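# Survey of secondary and tertiary structure
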Amino acid sequence: MRHIKGQGAFKRRGLMLVLSSPSGAGKTTIAREILNRDPNLVMSISATTRSIRPGEIEGKDYYFIDKKDFEARINSDNFIEYARVFDNYYGTPKDPVEKAMSAGHDILFDIDWQGTQQLVSKQNIMQDVVTIFILPPNVSELERRLKNRAQDSLAVVKHRMSKVSDELSHYPEYQYVIVNSEIRDSVDQVEQILSAERCKIERQIGLHDFVQNLRNLS
Ligand code: 5GP
């Protein structure tokens, strides 16, 4: 993202950008692209009990842990949110999020509607959460993307397809929607949302003093 002059004149609260979609809508590709474009954005790496797919990297795509370990972490309150998705656990570790936020970064979350519901219901962070729902342009494209992924067995693809309608029904719980016809257009839209959200008055720390200073000079 191009650096905008004037931004950085005073501090801003970090924001938590959530991308959700039914599987196969292209959300992971959008997430990867927006991270490339924006150096202030860091990815939240989830923990999961699902098996690692070919090409995935431990600690980059997910922390792959077993069910016992996951449940122990639930009990020690290690997750900011967690959910069961497609018969596996997925959860967002709390510590890295808190560290990134206090370092002034914005954080990107690739989580489902259950995790999003948990984040937006937390009093202490709800104002920092910005939610975007990604829709596929049509069903055949969704099916094509799921099958082309080729990392999952046919049974897994079928199971995921059967959940699509359910997942789609959660779009009204989000603040923004993007129809992902062209990846580049979708990434542009995420960038624009992020840019506008960063300018919100309530996120600016030190704005009052900055303006006070300007007023004193005039
Ligand atoms: P996949 O197995 O395809 O990587 O992810 C399946 C679903 O789990 C996706 O919709 C993804 O957004 C969601 N997911 C990934 N990590 C998390 C997480 O930490 N929490 C929640 N609630 N969902 C997650």
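The preceding data block contains the structure.
Residues numbered from 1 in each chain as written. Predicted model: local features only at pLDDT ≥ 70, side-chain atom pairs only at ≥ 80, totals over all residues. Heavy atoms only, no water.

## Considering the sheet that holds strand E3 (residues 47-48)
- Taken in spatial order, the 4 strands line up as E4-E3-E6-E5 in an open sheet, and their pairing is mixed. The sheet is open, and its two borders are formed by strand E4 (63-64) and strand E5 (79-85), each paired with just one other strand.
- Relative to strand E6 (residues 88-93), E3 runs antiparallel, the two sharing 2 bridges. By the bridge assignment, Ala47 is partnered in E6 with Gly91.
- Here helix H3 (residues 94-102) sits on the sheet and contacts E5 and E6; the angle it forms with E6, its principal contact strand, is near 30 degrees. (Pairing = 2+ DSSP bridges. Helix = DSSP H or I, 4+ residues; strand = E, 2+ residues; numbered from the N terminus. Contact = heavy atoms within 4.5 Å. Axes fitted to C-alpha atoms, helices over the stretch in contact; angles between N-to-C directions.)

## Considerations on the site of the ligand
- If you check the shell around the ligand, you find 17 residues, and the closest are Ser46, Arg50, Tyr62, Tyr90 and Asp110.
- Within the side chain of Tyr90, an N or O atom sits 2.5 Å from an oxygen atom of the ligand.
- Here an oxygen atom of the ligand sits 3.4 Å away from a polar atom, N or O, in the side chain of Thr92.
- Protein contacts shield 94% of the accessible area of the ligand, which totals 510 Å² for the unbound molecule.
- Listed by contribution, the elements that provide at least two residues to the shell around the ligand are E5 and E6.
- Broken down by class, the residue content of the shell around the ligand amounts to 6 nonpolar, 4 polar and 7 charged. (Near = heavy atom within 4 Å. Polar contact = N/O pair within 3.5 Å; in protein donor to acceptor, adjacent residues only side chain to side chain. Areas by Shrake-Rupley, 256 points an atom, 1.4 Å probe, with all protein chains shown as cover. Nonpolar A, V, L, I, M, F, W, Y, C, P; charged D, E, K, R; others polar.)

## Section: the pairing of strand E8 (residues 129-135)
- Where burial is concerned, most of E8 is hidden: 6 out of the 7 residues are buried.
- Pairing of E8 with strand E9 (residues 176-179), which is carried by 4 bridges, proceeds in the parallel orientation. Bridging across to E9, Phe133 finds its partner in Val177. (Buried < 20%, exposed > 50% of the residue type's maximum accessible area, 1.4 Å probe, protein only.)

## Quick look at the packing of helix H1 (residues 27-37) against helix H7 (residues 183-198)
- Running from N to C, H1 and H7 point in directions that differ by 60 degrees, and their axes come no closer than 9 Å. As judged from the angle between their axes, H1 and H7 are oblique. Like other packed secondary-structure pairs, H1 and H7 cross with a definite hand, here right-handed. In contact with Thr29, Ile30, Glu33, Ile34 and Arg37 of H1, H7 contributes Ile183, Arg184, Ser186, Val187, Asp188, Val190 and Glu191. (Parallel < 35°, antiparallel > 145°, perpendicular 65-115°, else oblique. Left-handed = near helix turned anticlockwise from the far one by under 90°.)

## Description of unusual backbone geometry
- You will see that Asp77, though not glycine, has its phi angle at about 60 degrees, which is positive.
- Within the secondary structure, Asp77 is located in the loop between helix H2 (67-75) and E5.
- Phi is positive for Phe86, close to 45 degrees, though the residue is something other than glycine.
- Within the fold, Phe86 resides in the loop between E5 and E6.

## A short note on the sheet that holds E9
- In spatial order, the strands read E2-E7-E1-E8-E9; together these 5 strands make up an open sheet with parallel pairing. Edge positions in the open sheet fall to strand E2 (41-43) and E9, since each of these has one partner strand only. Pairwise comparison of adjacent strand axes, ignoring direction, gives a mean angle of 25 degrees for this sheet.
- As paired elements, strand E1 (residues 16-20) and strand E7 (residues 106-110) share 4 bridges and run parallel to each other. Directly across from Leu19, in E7, lies its bridge partner Asp110.
- Those strands touched by H1 are E1, E2, E7 and E8, and its axis lies near 165 degrees from that of E7.

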